[in-house]
Amino acid sequence: MKCLIAAEEGVREIIKARLGEKYSDWQFDTAGEGFLEPNIVSKQYDILVLSRFLCNKNPIEFLNDVVTRYMFSQIVLLVGGVSEYQKSFIAAAKEFGLENIVYGNLPGERPNTI
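Residues numbered from 1 in each chain as written. Predicted model: local features only at pLDDT ≥ 70, side-chain atom pairs only at ≥ 80, totals over all residues. Heavy atoms only, no water.

Before going further, it helps to spend a moment on unusual backbone geometry. Positive phi outside glycine occurs at glutamine 44, with the angle close to 55 degrees. Mapping glutamine 44 onto the fold places it in the loop between helix 2 (38-41) and strand 3 (47-51). (Helix = DSSP H or I, 4+ residues; strand = E, 2+ residues; numbered from the N terminus.)

Take a look at the structure:
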C-alpha cells in the first residue's frame, strides 16, 4: 500500500512514525501544502491521510480539489478538535462523500492521541 500523509510540518512525521509501527509493509510519503501539485498527485496513492489545517481557502473548493485529484485514493481526514469551523468542514466533507474523519486532538497537539 502506498500512503501519502499530507499535514503540517512536525505533525506528518509523528503520523508517519505511528502508522509505520502498525503497517510496516506500507510505503509512506509525506507532503505539506504542495500535496495537490501534479508531480505528487501523479504517484497514485492508495491512501491519503489529510490534515484539515492544510486548507488555505474555502473548504468547498479545497475538498473539491482533493476529491478530484485523489479520486482513486481512500481519503482519511484529520479535523482536530470540534469547533464551529470544524463542524462546517466536516459537513462539507460528508457532502463530498468523505466518511473517514478523525476527530479530537491530532498528533503533535497535547495530549498526543494517535
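From this point, the discussion proceeds with the structure in view.
Let's shift gears to the side chain of glutamine 86. Inspection of the secondary structure assignment puts glutamine 86 in helix 4 (residues 84-95). With a relative accessible area of 7%, glutamine 86 lands in the buried category. (Buried < 20%, exposed > 50% of the residue type's maximum accessible area, 1.4 Å probe, protein only.)

Moving on, we get to the pattern of salt bridges. Counted by the stated rule, this structure contains three salt bridges. For the salt bridge of glutamate 13 with arginine 12, the shortest nitrogen-to-oxygen distance reads 3.7 Å. Here glutamate 13 falls in the partly exposed class, since its relative accessible area comes to 40%. You can call arginine 12 buried: its relative accessible area is 15%. One salt bridge in this structure joins glutamate 84 and lysine 87, with 3.6 Å as the shortest N-O distance. In this pair, glutamate 84 and lysine 87 are both assigned in helix 4, three residues apart and thus about one turn of the helix distant. The exposure class assigned to glutamate 84 is exposed, which follows from its relative accessible area of 60%. For lysine 87, a relative accessible area of 45% translates into the label partly exposed. (Salt bridge = Lys/Arg side-chain N within 4 Å of Asp/Glu carboxyl O.)

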